[in-house]
Amino acid sequence: MDEQLKKLIDEVCCYPDPSLERQKALNRLLMVIQQLPGIYKSGHQDYLEALNQTWEWVSRKICSFEARSPSLQQSLVIWINGYLKWRIKDLYIPDSNYTISLDRLTRNDEGDETTLLNILPDRQSQTISLDLLDIKIAQIQETERQCLGKRIWQYIEQDEEGKLTASHPRKNPECHCHLLAMRLLLEQPPHKIADIARELNISNQTLYSHWKKNCLPLLREIGMNFGSD
C-alpha cells in the first residue's frame, strides 16, 4: 500500500495545478485514500460536511505532505485525521447569533410557495444517497465492489440514457442532474452549490430543492439498480 500511495501522490504532484491530468490523478488517489482504515469517524449529523472539507484540503495540500514514520500509510492517516478532527470540533461550536423559523413561507424561482424547511438539504436523504454512492464508488474494498463502483461512476459520467440530463427545474434546463452529479459527487474537490447557482444564474433555493427532491433519489435508484445486477 505504501508503494501504491507514493506512486499516486507522485503522479498528482508531477502535473500542474490546475490541469485535467492532475484532476484525474487526484481522483484516483482520493478513491484509494478514502478506503484506508483509521480515518476518524464521528456521529455528528454534519460529519459528511466535515469529511468533504477534509478531502478538499487534502486535494490542495497533498503535495506538501511528508511521511513522519516508516509507514507512509500510517503517516497519511494521522495527517488527514489531524485536520478532520479540527473540522469536527468546529461542528460542535454553537452558533447562537440568530434564529430562523423553518416554517416561514417563501417562494422559489418557479413561483411555488414553500417553507424554508422544504428547501433546505434533507440530511437523512442526503446521507443515505451519498453513503450509497460512497460505498459503491469510493470506499469499496473488495475487487468485486470496486468493479461495481467503476460501472456506476462511468454510468453517471456518460449518462447514455439521458436520465440525469432530462431531470431539471422547469425554467432552468441547464441545471440538470448530470451536471450537478458531476460537480458535487465526481469532481474532487466538489464544487460549492452557491458557486454552481451563481454560474447558472439560478437561486440557491431552487438548486437545493432540485438536488434534494430529484437528483439524489435518481442517483440512489441508479446505485440500487447496479447493486441488484
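Whatever comes next refers back to the structure up there.
Computed from a prediction, not measured in an experiment: that's the story for all the values here.

A. View of helix 2 (residues 20-33). Here helix 2 spans 20 Å end to end across 14 residues, near enough to the 20 Å set by a 1.5 Å rise per residue. Within helix 2 the residues assigned to the buried category are Arg22, Ala25, Leu26, Asn27, Leu29, Leu30, Val32 and Ile33.

B. Focus on unusual backbone geometry. Of note in this structure, Asp159 is not a glycine but carries a positive phi near 45°. If you trace the backbone, Asp159 turns up in the loop between helix 7 (143-158) and helix 8 (163-166). Phi at Asn201 is positive, roughly 55°, even though this residue is not glycine. Taking relative accessible area as the criterion, Asn201 reaches 69% and is therefore assigned exposed.

C. How the structure looks around the packing of helix 2 against helix 3 (residues 47-61). Where helix 2 contacts helix 3, the axes come no closer than 11 Å and their chain directions differ by 130°. As far as their axial angle goes, helix 3 and helix 2 are oblique. For the element pair helix 2 and helix 3, the recorded crossing hand is right-handed. On helix 3, the residues touching Arg22, Leu26, Leu30 and Ile33 of helix 2 are Trp55, Val58 and Ser59. When its residues are assigned to classes, the contact of helix 2 with helix 3 shows 5 nonpolar, 1 polar and 1 charged.

Rules used throughout
- Residues numbered from 1 in each chain as written.
- Predicted model: local features only at pLDDT ≥ 70, side-chain atom pairs only at ≥ 80, totals over all residues.
- Heavy atoms only, no water.
- Helix = DSSP H or I, 4+ residues; strand = E, 2+ residues; numbered from the N terminus.
- Expected span 1.5 Å × (residues − 1).
- Buried < 20%, exposed > 50% of the residue type's maximum accessible area, 1.4 Å probe, protein only.
- Axes fitted to C-alpha atoms, helices over the stretch in contact; angles between N-to-C directions.
- Parallel < 35°, antiparallel > 145°, perpendicular 65-115°, else oblique.
- Left-handed = near helix turned anticlockwise from the far one by under 90°.
- Contact = heavy atoms within 4.5 Å.
- Nonpolar A, V, L, I, M, F, W, Y, C, P; charged D, E, K, R; others polar.

Interpretation note: all reported values are geometric properties and have no functional meaning in isolation.
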